[in-house]
Amino acid sequence: MTLYIDPANWPGHGRMWSHLVSDVSYEELHAFAASIGCPRRAFDGDHYDVPSQHYADAVRAGAVEIGSKELVRRLTEAGLRRPKGRPA
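Since we're looking at a predicted model, the values are computed, not measured. (Residues numbered from 1 in each chain as written. Predicted model: local features only at pLDDT ≥ 70, side-chain atom pairs only at ≥ 80, totals over all residues. Heavy atoms only, no water.)

Draft legend 1. Structural view of the overall build of the protein. Looking only at helices and strands, one finds three helices and five strands in the protein. Counting helices and strands in the order they occur from the N terminus, the protein gives β-β-β-α-β-α-β-α. For the protein, the C-alpha radius of gyration of 12 Å lies close to 12 Å, the compact-globule estimate for 88 residues. Projecting the C-alpha coordinates of the protein onto the three principal axes gives extents of approximately 30 × 25 × 25 Å. A separation threshold of at least 6 residues defines the contact pool for the protein, and within that pool the share at least 24 residues apart is 57%. Accessible surface for the protein amounts to roughly 5,200 Å². Of this, 54% is attributable to carbon and sulfur atoms. One finds the centroid of the 11 positive side-chain charges in the protein at a distance of 5 Å from the centroid of its 11 negative side-chain charges. (Helix = DSSP H or I, 4+ residues; strand = E, 2+ residues; numbered from the N terminus. Rg over C-alpha atoms; globule rule 2.2 N^0.38 Å. Contact = heavy atoms within 4.5 Å. Areas by Shrake-Rupley, 256 points an atom, 1.4 Å probe, with all protein chains shown as cover. Lys, Arg positive; Asp, Glu negative; His and termini not counted. Charge placed at Lys NZ, Arg CZ, Asp CG, Glu CD.)

Quick look at the structure:
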């Protein structure tokens, strides 16, 4: 089980955001997100949007810190990447 999180570099709604992904399955991702209190509405097709104030919680729970490009690469290689505008 490996979950990855990138730095909180993405602005939106007055906050900075990270992306949380799994390289195994969406089921693993949903279970991990729920365990750190991330609501299902934060799921955005292939990742969870995590506000910067919860970044440390995700890391403490076991998410591995990696850069954004590496996060996308791992997600794509796992076959779990769902670019916006494409069907699931």
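That covers the picture; the talk isn't over yet.
Draft legend 2. Spatial organisation of the environment of Ala33. As for its placement among the helices and strands, Ala33 is situated in helix α1 (residues 26-35). Separated by 38 residues in sequence, Ala33 and Leu71 place their C-alpha atoms 16 Å apart. In this structure Ala33 touches Leu20, Cys38 and Tyr48, once residues within four positions along its chain are discounted.

Draft legend 3. How the structure looks around the pattern of salt bridges. Per the counting criterion, the structure on display carries five salt bridges. The partner of Arg60 in a salt bridge is Asp57, with the nearest N and O atoms 2.5 Å apart. Taken together, the residues span about one helical turn, with Arg60 and Asp57 both in helix α2 (residues 55-60) at a distance of three residues. Given a relative accessible area of 27%, Asp57 falls into the partly exposed group. Where Glu70 meets Arg73, a salt bridge forms, and the shortest distance between an N and an O atom there is 2.4 Å. On the criterion of helical spacing, the pair formed by Glu70 and Arg73 is a turn pair, its members being three residues apart in helix α3 (residues 68-77). Judged by relative accessible area, which is 23%, Glu70 ranks as partly exposed. The exposure class of Arg73 is partly exposed, given its relative accessible area of 36%. (Salt bridge = Lys/Arg side-chain N within 4 Å of Asp/Glu carboxyl O. Buried < 20%, exposed > 50% of the residue type's maximum accessible area, 1.4 Å probe, protein only.)

Treat this as a map of the structure, not an account of what it does.
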